[in-house]
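Residue-level structure breakdown
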Amino acid sequence: MSYAQKIHISSKVCFVQAYAKINLTLDVLGRRTDGYHELATVMQTIDLHDTICLTATDDNRVHMICTTPELSNDENLAARAAYLVRERLACKQGVRIELYKRIPTTAGLGGGSSDAAAVLLALEQWWQLQLSPSDLLNMAASLGSDVPFFLIGGLALCEGRGERVTPLARYWPSSMRWLLLLKPAISVSTKAVFRNLPASDYTDGTHSRAASTALNASHIPDVDHLHNGLERGVLERYPEIAAAREDLLKAGARFVRLSGSGPTLFAPFAELACAFQVQQQLQAQGYEVYLSRAINPNAGSVCFF
Ligand code: C5P
């Protein structure tokens, strides 16, 4: 678009929630020629969320303010999403982005990607942008492999780099009603995890396909298919994460998996009382632990004043 678009704004302020995700399965199929890895992964949105407040300004700039000071800069994916929309539409509308961070960062929970998708969705509604779904998806994919998933959310099979998103049925096993998330006190670089992944950890996508088929038929996937191809390498390389996994199991979790490239581990529970008791025990041991649940986000997460 070569002309400066006129943006229609009837409200000064727009709030949007940005939800985290877990990876129920993650098959790494192989390394691609572009350096990325071909994936098949089943992701589910969870109710742990960041809150973003967008305010219209008259100074034609994007200001990024975050409760995590090191994220208060233009490199923040939320700011990059706003810059991308302005560039794509050749518009200069100023916006202040205030980001209340609750999702732990570089944790395998998709916090940064979700913030970026939330800004895209909010600006689309707030600025009444005439973007086609594929325009929005392409913009999201250019910001990061997980960003397209967060435009849709819920339960989905994501393939390719992660950007090919197929929504699955609205089903979540009752045995996984409550989700404990344990974030070990270390940061893990996704890039490094993929770089160090041996080909022996590649799979052919069987786990994600089988889990998708089961979930689409409202069946609990076989536990053997709840596989994360990055987990073995991450547990071997980071003893703190392996120890945290042992502590979760000792505290009463029956099943523990790494989310994405970690370091966050998740453990599902059927009953709140059990989940809460395990959370309290692990918090007493000094761990950062969140009690969450699967969620299907909807347009209500954007609100205007
Ligand atoms: O796409 P995103 O910027 O979130 O990915 C971060 C890094 O993770 C990439 O630079 C790449 O090294 C690795 N990655 C990968 N294959 C994917 C997704 C991410 O190798 N499908």
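Please refer to the structure higher up on the page.
Residues numbered from 1 in each chain as written. Predicted model: local features only at pLDDT ≥ 70, side-chain atom pairs only at ≥ 80, totals over all residues. Heavy atoms only, no water.

**Notes on the packing of aromatic side chains**
Scanning the model with the defined rule gives 3 aromatic pairs in all. Judged by centre distance (5.9 Å) and plane angle (85 degrees), the rings of Phe15 and Phe305 are edge-to-face. One end of the pair, Phe15, is in strand S1 (residues 13–31); the other, Phe305, is in the segment after strand S11 (302–304), with 290 residues separating them in the sequence. Among the residues examined, Phe305 registers a relative accessible area of 61% and is labelled exposed. (Phe/Tyr/Trp six-rings, centres within 6.5 Å; stacked < 30°, edge-to-face > 60°. Helix = DSSP H or I, 4+ residues; strand = E, 2+ residues; numbered from the N terminus. Buried < 20%, exposed > 50% of the residue type's maximum accessible area, 1.4 Å probe, protein only.)

**A few points about the nonpolar core**
In this structure, Ile52, Leu54, Ile97, Leu120 and Trp127 are the most contacted members of the largest nonpolar core, which totals 46 residues. Residue contributions to this core peak at 8 residues, all from helix H2 (residues 111–126). (Core = buried A, V, L, I, M, F, W, Y, C linked by side-chain atoms within 4.5 Å.)

**A few points about the site of the ligand**
Taken together, the neighbourhood of the ligand is formed by Gly35, Tyr36, His37, Leu39, Gly144, Ser145, Arg161, Thr190, Lys191 and Phe194. A distance of 2.8 Å separates an oxygen atom of the ligand from a polar atom in the side chain of His37. In this structure, a nitrogen atom belonging to the ligand sits 2.9 Å away from a main-chain N or O atom of Arg161. Among the detected pockets, the ligand sits in the largest pocket. When contributions to the shell around the ligand are tallied by element, the ones reaching two or more residues are strand S2 (37–57) and helix H5 (190–195). It is H5 that provides the largest number of residues to the shell around the ligand, a total of 3 residues. For the shell around the ligand, the residue count by class is 3 nonpolar, 5 polar and 2 charged. (Near = heavy atom within 4 Å. Polar contact = N/O pair within 3.5 Å; in protein donor to acceptor, adjacent residues only side chain to side chain. 1 Å grid on protein atoms, 1.4 Å probe; cavity = no way out; pocket = protein on both sides within 12 Å on 5 of 7 lines; lining within 4 Å. Sits in = over half its atoms within 2 Å of the grid points. Nonpolar A, V, L, I, M, F, W, Y, C, P; charged D, E, K, R; others polar.)

**Regarding the pattern of salt bridges**
Applying the stated criterion across every chain yields a total of 12 salt bridges. Across the pair Glu246 and Arg245 runs a salt bridge, and its minimum N-O distance is 3.4 Å. According to the relative accessible area criterion, Arg245 is partly exposed, its value standing at 22%. We note a salt bridge from Lys250 to Asp247, for which the minimum N-O separation is 3.8 Å. Taken together, the residues span about one helical turn, with Lys250 and Asp247 both in helix H8 (residues 239–251) at a distance of 3 residues. What makes Lys250 exposed here is its relative accessible area of 68%. Overall, the relative accessible area of 17% leaves Asp247 in the buried class. (Salt bridge = Lys/Arg side-chain N within 4 Å of Asp/Glu carboxyl O.)

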